[in-house]
Amino acid sequence: DVSPVVAGLIGATVLVVSVSVTVFVWTCCHQQAEKKHKTPPYKFIHMLKGISIYPETLSNKKKINRIRRDKSGAAKEGGRGSLVDAAESGLVGTAPDGPPRVEQLPIKVDYGDELSPDQSLTPGGSKTSSPSSPGDDVLLGDLTFSVDYNFPKKALVVTIQEAHGLPVMDEHTQSSDPYIKMTILPDKRHRVKTRVLRKTLEPVFDETFTFYGIPYSQLQDLVLHFLVLSFDRFSRDDVIGEVMVPLAGVDPSTGKVQLTREILKRNIQKCISRGELQVSLSYQPVAQRMTVVVLKARHLPKMDITGLSADPYVKVNVYYGRKRIAKKKTHVKKCTLNPIFNESFIYDIPVDLLPDISIEFLVIDFDRTTKNEVVGRLILGAHSGSAAGAEHWRQVCDSPRKSVAKWHSLSEY
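Predicted, not measured: the structure shown is a model, and the values here were computed from it.

For the coordinates displayed, the defined rule picks out 4 aromatic pairs. Ring plane angle 75° and centroid distance 4.8 Å describe the contact between Y149 and F151, whose orientation is recorded as edge-to-face. Geometrically, the ring pair formed by F151 and Y216 is tilted, given 5.0 Å between the ring centres and 45° between the ring planes. Note that F151 is positioned in the loop between β3 (142–150) and β4 (155–164) and Y216 in the loop between β7 (204–212) and β8 (223–230), a separation of 65 residues in sequence. On the accessibility criterion, F151 (42% relative accessible area) is partly exposed. Y216 gets classed as partly exposed once you look at its relative accessible area, which sits at 28%. Chaining the aromatic ring pairs together yields one cluster made of Y149, F151 and Y216. The ring of W407 carries R298 above its face, with NZ or CZ at 3.8 Å from the centroid.

Pasting the structure below:
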């Protein structure tokens, strides 16, 4: 008794619903199959004595902060923990009877312990040379590790086994709290670290890191960088030394390769180049103004996951002593390793403050989906870490009203 029009509508509706459900089910099955067979390009699995620890659980900042607060609270009762957290953040302390203060920010506060311990950021406030490493002839111990390659999964497997003969970094306990940071150079896309072992100079880590998405043909171009550190709860961790292992001389194709390397004193100059930055400075003594021009950069490392390019920009911070008094940044230059900025910034700086002024240039890779990554760093002024930077600043101060432009190598973090 149903009319042909109604019957047609009902049939069409049933057909559309059936097709939609079929397409939806097929799409879900296809995506599930892809997830099962596809491995993310820079995923790693961390094996700690047979227990899998995935990086998603390690990178939860809230969880890390909560653990840090708990540890601080256990160390000091009755509000002392909050002071420790503030000190770790670099936000504690100016003179109590001074003028309204600018927020205290050490120049190196955000970048942990990658500086050499024999570099001092300030004339009197920061760490100086470690008592255990006053010279190049000091023995820093040995590091034992193994390298393997999984061909079916295209995975590089690195096992950090143990270290021997580490120097004493804590004079009170006559021991150290060692741990190891590992990075795969030159792109530094893989960054991992072991757990901290307390009060030992002979640590046994026995931790395995598996890095997926590394073709075997690219192994010859990679370098394993191990940074050996000693944990310090109340200040910057002490850098014991480093081990650089080019994989060009290692062939894990026939099986696991066992290696032991001597730990050498940290030398930032030996690391893979972070590129160069050209800047121009000029000072007008009458107007008491410093003009800073960020000109261009060259030979920047490849920072994208695809390994093709970077989206760099430069952040300029001006410090008076340990206080940041100004910050500005350039525009982002898309998909280039040799960006041209040509952007100038003007700062009002009295003549009598020039000896205590430092200008920090951070070359940063912009990323919409993840946290922006610092490519390299340059400091000119009172805390310049290189002879070229100190000479550039001296020429600017000795030649008023003259623009002085120079190329500088960027340092690592």
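Here we take up the nonpolar core. One finds L143, L156, L224 and F226 to be the most contacted residues of the largest nonpolar core, which totals 33 residues. Residue assignment for this core shows that the elements contributing at least two residues are β3, β4, β5 (178–185), β7, β8, β9 (238–246) and β10 (257–262). Contact partners of F226, with chain neighbours within four places excluded, come to L143, F145, V158, I160, I180, K181, M182, G241, E242, V243 and V245. Counting residues in each nonpolar core, the second largest holds 28 residues, with V279, Y283, M290 and I349 among its members.

Right, let's get into the sheet that holds β9. On the basis of which strands lie adjacent, the open sheet formed by 4 strands has the order β6-β5-β8-β9 and antiparallel pairing. Among the strands making up the open sheet, the edge pair consists of β6 (191–193) and β9. Pairs of neighbouring strands in the sheet enclose a mean axial angle of 20°, with direction left out of account. In this structure, β5 lies alongside β8, joined through 8 bridges in antiparallel fashion. Residue pairing across strands places Y179 opposite L229, the latter belonging to β8.

Another point: the sheet that holds strand β17 (residues 373–381). Strand order across the open sheet formed by 4 strands is β14-β13-β16-β17, with antiparallel pairing between neighbours. A strand with exactly one partner marks an edge of an open sheet, and here the two such strands are β14 (323–329) and β17. The mean inter-strand angle of the sheet, taken between neighbouring strand axes irrespective of direction, is 20°. When strand β13 (residues 312–320) meets β14, the two strands line up antiparallel, connected through 6 bridges. Within β14, the position partnered with Y319 by the bridge is R324.

Further remarks concern the state of the cysteines. A disulfide bridge is the covalent bond that connects two cysteines by way of their sulfur atoms. Considering all chains together, one arrives at 0 disulfides under this definition. A disulfide-free cysteine, C28 has its sulfur positioned 6.8 Å from the sulfur of C29, the nearest such atom. Residue class for C28 comes out partly exposed when judged on its relative accessible area of 35%.

All right, on to the environment of H383 then. Looking at the secondary structure, you find H383 in the loop between β17 and α5 (387–398). The exposure class assigned to H383 is buried, which follows from its relative accessible area of 10%. Along the primary structure H383 and Y319 are separated by 64 residues, whereas in three dimensions their C-alpha atoms are 9.6 Å apart. At 3.5 Å, the side chain of H383 forms a polar contact with the backbone oxygen of G321.

Within this structure's numbering, the places UniProt gives as "transmembrane region" (unreviewed entry) are residues 6–29. Secondary structure across residues 6–29 comprises 100% helix and 0% strand; the distance between its end C-alpha atoms is 35 Å.

The next subject is a nonpolar patch on the surface. On the surface, V17, V21, F24 and V25 cluster together into a nonpolar patch covering about 370 Å² of accessible area. With respect to the helices, strands and loops of the structure, F24 is situated in helix α1 (residues 4–37). F24 sits in the exposed class, given a relative accessible area of 56%.

It is worth spelling out unusual backbone geometry at this point. In this structure, K154 takes a positive phi of about 50° despite not being glycine. With respect to the helices, strands and loops of the structure, K154 is situated in the loop between β3 and β4. One non-glycine residue with positive phi stands out, namely C335, at about 50°. Assignment of secondary structure puts C335 in the loop between β14 and β15 (340–348). Look at C335 and you get exposed, because its relative accessible area is 58%.

Attention now moves to α5. Taking 1.5 Å of rise per residue, the 12 residues of α5 would be expected to cover 16 Å, and the 16 Å separating its terminal C-alpha atoms lies within 8% of that figure. When α5 is considered as a whole, its buried residues turn out to be G389, H392, W393 and V396. End-on, the buried residues of α5 take up no more than an arc of 95°, which puts them together on one face. Turning to α5, the residues buried within the fold contact β11 (276–284), β12 (289–298), β16 (357–365), β17 and β18 (404–409).

Calculation rules
- Residues numbered from 1 in each chain as written.
- Predicted model: local features only at pLDDT ≥ 70, side-chain atom pairs only at ≥ 80, totals over all residues.
- Heavy atoms only, no water.
- Phe/Tyr/Trp six-rings, centres within 6.5 Å; stacked < 30°, edge-to-face > 60°.
- Helix = DSSP H or I, 4+ residues; strand = E, 2+ residues; numbered from the N terminus.
- Buried < 20%, exposed > 50% of the residue type's maximum accessible area, 1.4 Å probe, protein only.
- Lys NZ or Arg CZ within 6 Å of the ring centre and 35° of its normal.
- Core = buried A, V, L, I, M, F, W, Y, C linked by side-chain atoms within 4.5 Å.
- Contact = heavy atoms within 4.5 Å.
- Pairing = 2+ DSSP bridges.
- Axes fitted to C-alpha atoms, helices over the stretch in contact; angles between N-to-C directions.
- Disulfide = S-S within 2.5 Å.
- Polar contact = N/O pair within 3.5 Å; in protein donor to acceptor, adjacent residues only side chain to side chain.
- UniProt positions renumbered as here; feature names shortened; annotations may be inferred.
- Patch = residues over 30% accessible without salt bridge, like charges linked within 9 Å, V, L, I, M, F, W, Y side chains within 5 Å.
- Areas by Shrake-Rupley, 256 points an atom, 1.4 Å probe, with all protein chains shown as cover.
- Salt bridge = Lys/Arg side-chain N within 4 Å of Asp/Glu carboxyl O.
- Expected span 1.5 Å × (residues − 1).
- Arc of directions from axis to C-beta.

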